[in-house]
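Chains, contacts and geometry: an overview
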Amino acid sequence: MLLMKTPDTSPDNFAVGLAFIGTALVHLLIVALLFSNWHFGTRSPKSFELPEPIRAELVSIEAITPPSAPAPAVPQSLPKPPPKTAAKPTQEPKPAVIEKPEPKAEPGVATPSATSTTAESSADTPAPATEPSPQGEQVLSDEDLFSNLLSGLEEEEAAFDQARQQAQQRQQRDQEIQQQVVSYSGAIREQISQRWSRPAELRLMDISRLQATVTVELLPTGELLAVALSNSSGSSSYDQSVLRAIERVRRFTVPEDVEVFQAGGFRRFTVTFKPEDLMNL
Amino acid sequence: MNRRAGQALAALLLLAVSLPVWCDLNIVVTKGYDSKTNIAVVPFFWAGDEPLPQRIENLITNNLVRTGRFEPLAPATMLSQPYREEGVFFRDWRLLGQEYLVIGRLEPYGESRIAAEIMLFDVVRNQRIVRVSQVIGVHQLRDFAHSLSDLFYERITGVRGIFSTRIAFVTRQGAGGNQLDYRIQIADADGQRARTVYRSQEPIISVTWSGDGQRIAFANKVGDRWKIFIQNLSTGQVNSISDARGYTSSPAFSPDGRYLAYVSSFQNSPEIYLYDFQTDRSRRLTRNSYIDTEPSFAPDSQSLVFTSQKGGRPQIYQYDIATGQTQRLTFEGSQNLRARYSSDGKYLVFVHLIEGRFHIASMDMATREVRVLTETNLDESPSVAPNGTMLVYATQRGNRGVLAWVSLDGQVTSQMESDFGDVLEPAWSPFLN
């Protein structure tokens, strides 16, 4: 790893040699992993514990990825496009994300889950975006790889650092988002809970085992766009009470950051009602 | 070319590693706050000169409050008092935390008649959900208010309202010397407009309604005997069905109107009998040396529940009329008695004694699970409203027996004295058409 940092102004044979070997090994690893992935369809991202050099290759695509997350979301059904994402959405690769086979009908929602689709089935889904690569890579000989790598080594080193930084930032950002999702969904739970009044008519019966699930759609402002029963409890009184609880909230506490709103799934989520507080009464 | 391909591939791998995996968001709510429903009943606009004998909006408000599940908004705190739809601004009512809004307009319409337009709005959903436009007689204001209450209650809760039903009860007061005056009275579900339908100088107990609400049955002491009487409420005519000596009590009509179950101790201990209106004959259902009493029919008239001390202490049993089979229903608590079916037959409501305290409990007839609803200090038996959401008791206030309405979460929502002394044994009617 240290070798990679060797200044490119001193073409020391030893350093170059080591760097060469290192890079070659890494590329071999990539190819090996790639092929194993290709053939056996390994789906778990965990198997790819790659050394950083791989990330160096990201440079070209980093330009592609960031807009892919927020970009399609903004123009769709948002009354006011947030300024910070407005700068990005001119990038090309949008269609690649949009056309992902997402079973959900709602186009606006596709974004966060499309991302997860990519991660889960990296072998199939991204293919259209980078079409020439699979065939090209498969016919490469080791020698070809070596020479290619050698020529691009210097720029790759610089790019590698940048990519690693970006990856770290990305990771940090993900953690931030994750934390916000947890805290905001807790706030929403409380908002709903405070407005959920179980019908007095149901006191005769034991409703502690009744469960209902509703699907809630929100505007980025947190305003309720739609609510629908997705799983009935079997009691219409109970079902009404859970729909009412959602309607009574009117404006939900959602992340102001549109990226968090999107990625955290606040545009469309489900709420399950289980009256555990009524158990054993 | 090759290199680019390699970069792209590696980038794809990186993408797989570095991008977060977002799951769909699911929020689980495990708690609720069973609060009252806020409703604003705006004072109705009356275009006539003379004040009306009844204020419909007050009757509606009182009806809703008595259920224990509504919290009305004081008119003084209303930002506006609209009486037409154009004057309704949902936002204002939301600011006041209201969920529902009632407005109304009344105008004179010929001789002693009124044209009324009443509307109910769902403030949360921004929509009108009821609009009633009707011409009524001035003397019908109270009935109109009760049927509006029924309509509103059903629209809001999904449960049929009980405001147009009636309550029968017995009153007792001193009539000079050792004499006592007993009456059976029938009042609106809010206790108003009570009228006397039967009088006696001897005790009256166990008033009960027929399934169609046209008749009542009760036990009245006659000399040294207790007899069961049946009164037709439209004609006032009274018949006795039991000539047996001894103690007869606890009549219960079958919902189909064919039978009257009752208790007689003519032969030894109190046993359940079944009187058939078609054959004018009684037959004995239980046969043992213990007390069997308080029969009550299932809505399908095919079985009845009763209290028996067969097991040592009072417990609730079920008797199947076709097979004659008896089975015990209650096992929890030291005593269970005075069971009544809910109008849909899915639940029993009964008095449940546990650790020395009386409770009202319900049993789910499908699972046989018992739920304690209300703790009472009352020795009188409650009567359950036909929609199962309220109880009416006779209770002591000061030195007087009064009527008390209790919601199923145990709060006394209303009390009323009688003009004729202590109130005993109220009985809530079935739904009346």
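Residues numbered from 1 in each chain as written. Chains lettered and ligands numbered in written order. Predicted model: local features only at pLDDT ≥ 70, side-chain atom pairs only at ≥ 80, totals over all residues. Heavy atoms only, no water.

So, about the overall build of chain B. When you go through chain B residue by residue, the secondary structure sums to four helices and 31 strands. Its C-alpha radius of gyration of 28 Å places chain B more than 25% over the 22 Å reference for a compact globule of 433 residues. Viewed in the frame of its principal axes, chain B has a C-alpha envelope of about 110 × 70 × 45 Å. Each of the 433 residues in chain B was classed as buried or not, and the buried ones make up 55%. Taking the intrachain contacts of chain B between residues at least 6 apart in sequence as the baseline, contacts between residues at least 24 apart amount to 39%. Here chain B has roughly 19300 Å² of accessible surface; of this, 44% comes from carbon and sulfur atoms. Measuring between centres, the 45 positive side-chain charges of chain B sit 3 Å from its 45 negative side-chain charges. (Helix = DSSP H or I, 4+ residues; strand = E, 2+ residues; numbered from the N terminus. Rg over C-alpha atoms; globule rule 2.2 N^0.38 Å. Buried < 20%, exposed > 50% of the residue type's maximum accessible area, 1.4 Å probe, protein only. Contact = heavy atoms within 4.5 Å. Areas by Shrake-Rupley, 256 points an atom, 1.4 Å probe, with all protein chains shown as cover. Lys, Arg positive; Asp, Glu negative; His and termini not counted. Charge placed at Lys NZ, Arg CZ, Asp CG, Glu CD.)

Next up on the list: the overall build of chain A. Scanning chain A for helices and strands turns up eleven helices and three strands. Starting at the N terminus and walking to the C terminus, you meet the elements of chain A as α-α-α-α-α-α-α-α-α-β-β-α-α-β. Of all 281 residues assigned to chain A, the portion counted as buried reaches 46%. Residue pairs at least 24 apart in sequence account for 74% of intrachain contacts in chain A once pairs closer than 6 positions are excluded. Accessible surface, chain A: about 14300 Å² in total, of which carbon and sulfur atoms supply 55%.

This part covers helix α2 (residues 56–66) of chain B. Residue and element names in this part refer to chain B. For α2, the tally of buried residues reaches eight of eleven residues, placing the bulk of the element in the interior. All buried positions along α2 are accounted for by I56, E57, L59, I60, T61, N63, L64 and R66. Of the residues one or two after α2, G68 is the one with positive phi, at around 80°.

Attention shifts here to the environment of S147 of chain B. With respect to the helices, strands and loops of the structure, S147 of chain B is situated in helix α4 (residues 141–157). When its relative accessible area of 37% is taken as the criterion, S147 of chain B is described as partly exposed.

What follows is about the side chain of T293 of chain B. Its place among the elements puts T293 of chain B in strand β19 (residues 292–297). Assessed through its relative accessible area of 17%, T293 of chain B is described here as buried.

Before going further, it helps to spend a moment on the sheet that holds strand β31 (residues 422–428) of chain B. Residues and elements named next belong to chain B. Spatially, the four strands line up as an open sheet ordered β10-β9-β8-β31, and their pairing is antiparallel. The sheet is open, and its two borders are formed by β10 (195–200) and β31, each paired with just one other strand. Ignoring strand direction, the axes of neighbouring strands in this sheet form an average angle of 20°. Of the strand pairs in this sheet, strand β8 (residues 166–174) and strand β9 (residues 180–188) are connected by nine bridges, and their pairing is antiparallel. What sits directly across from V170, in β9, is I184. (Pairing = 2+ DSSP bridges. Axes fitted to C-alpha atoms, helices over the stretch in contact; angles between N-to-C directions.)

Counted by the stated rule, this structure contains 17 aromatic pairs over all chains. Note on F252 of chain A and F269 of chain A: the rings are 6.4 Å apart at their centroids and 80° apart in plane angle, and the pair reads as edge-to-face. Separated by 17 residues along the polypeptide, F252 of chain A in the loop between α10 (236–249) and α11 (258–263) and F269 of chain A in strand β3 (residues 268–273) bring together distant segments of the chain. Judged by relative accessible area, which is 2%, F269 of chain A ranks as buried. Judged by centre distance (6.0 Å) and plane angle (70°), the ring pair of F90 of chain B and F121 of chain B falls under edge-to-face. (Phe/Tyr/Trp six-rings, centres within 6.5 Å; stacked < 30°, edge-to-face > 60°.)

Turning our eyes to something else, we now look at the confidence of the model for chain B. All names here are of chain B. On average, chain B scores 89 in pLDDT, and the residues at 70 or more come to 92%. Within chain B, the element-level pLDDT minimum falls on helix α1 (residues 2–18), averaging 56, and the maximum on strand β5 (residues 100–108), averaging 97. Note on residues 15–21: pLDDT under 50 across the span, and 18 contacts to partners over four residues away in sequence or across chains. Confidence estimates for the predicted assembly give a pTM of 0.72 and an ipTM of 0.75. (pLDDT = per-residue confidence, 0-100.)

Residue and element names in this part refer to chain A. When the pLDDT values of chain A are averaged, the result is 66; 48% of them are 70 or greater. For chain A, per-element mean pLDDT is lowest for helix α7 (residues 110–120), which scores 37, and highest for strand β1 (residues 212–218), which scores 96. For residues 1–11, every residue scores under 50 in pLDDT, and the model assigns this stretch ten contacts once sequence neighbours within four places are set aside. Note on residues 37–137: pLDDT is under 50 here. Beyond four places in sequence and across chains, it has 139 contacts.

All right, on to the nonpolar core then. Core analysis: the largest hydrophobic core is formed by 45 residues, its most contacted members being I192, Y238, F252, V271 and F273 of chain A. By residue number, the principal contributor to this core is α10 of chain A, which donates six residues. Counting residues in each nonpolar core, the second largest holds 42 residues, with I114, A116, I156 and A385 of chain B among its members. (Core = buried A, V, L, I, M, F, W, Y, C linked by side-chain atoms within 4.5 Å.)

Let us now look at the packing of α2 of chain B against α4 of chain B. Residues and elements named next belong to chain B. At a minimum axis distance of 9 Å, the contact between α2 and α4 shows a crossing angle of 45°. Here α2 is positioned oblique relative to α4, judged by the angle of their axes. For the crossing formed where α2 meets α4, the hand is right-handed. Across the interface between the two elements, I56, L59, I60 and N63 of α2 pack against L141, R142, F144, A145, H146, L148, S149 and F152 of α4. Here the contact of α2 with α4 is built from residues that sort into eight nonpolar, three polar and one charged. (Parallel < 35°, antiparallel > 145°, perpendicular 65-115°, else oblique. Left-handed = near helix turned anticlockwise from the far one by under 90°. Nonpolar A, V, L, I, M, F, W, Y, C, P; charged D, E, K, R; others polar.)

Moving on, we come to the environment of R166 of chain B. Residues and elements named next belong to chain B. With respect to the helices and strands, R166 occurs in strand β8. The sequence separation of R166 and F44 amounts to 122 residues, and the corresponding C-alpha distance is 26 Å. Excluding residues within four positions of it along the chain, R166 makes contact with I186, A187, D188, A189, W209, A427, W428, S429 and L432.

Under the counting rule described, the total for this entry stands at 32 salt bridges over all chains. R198 of chain A is the salt-bridge partner of D34 of chain B, the closest N and O atoms lying 2.6 Å from each other. Here R198 of chain A lies in the loop between α9 (142–194) and β1 and D34 of chain B lies in the loop between β1 (26–29) and β2 (37–41), a pairing that spans two chains. Judged by its relative accessible area of 36%, D34 of chain B falls in the partly exposed class. Across the salt bridge formed by R166 of chain B and D188 of chain B, the nearest N and O atoms sit 3.6 Å from each other. Separated by 22 residues along the polypeptide, R166 of chain B in strand β8 and D188 of chain B in strand β9 bring together distant segments of the chain. (Salt bridge = Lys/Arg side-chain N within 4 Å of Asp/Glu carboxyl O.)

Turning next to α4 of chain B. Residues and elements named next belong to chain B. Across its 17 residues, α4 extends 24 Å between first and last C-alpha, which sits within 8% of the 24 Å expected from 1.5 Å per residue. Along α4, twelve of the 17 residues are buried, which leaves the element largely enclosed by surrounding structure. Following α4 by one or two positions, G158 has its phi on the positive side, about 80°. (Expected span 1.5 Å × (residues − 1).)

Turning next to the pairing of β8 of chain B. Residue and element names in this part refer to chain B. Counted between consecutive antiparallel strands, the loop separating β8 from β9 contains five residues, among which G176 sits at a positive phi close to 90°. Here β8 runs beside β31; their pairing, made up of five bridges, is antiparallel. Directly across from I167, in β31, lies its bridge partner W428.

Residues and elements named next belong to chain B. A positive phi angle, near 55°, is found at N126, a position not held by glycine. You can see N126 is positioned in the loop between β6 (113–122) and β7 (127–137). Residue class for N126 comes out partly exposed when judged on its relative accessible area of 37%. Phi is positive for S250, close to 50°, though the residue is something other than glycine. Position of S250 relative to the elements: it lies in strand β15 (residues 248–253).

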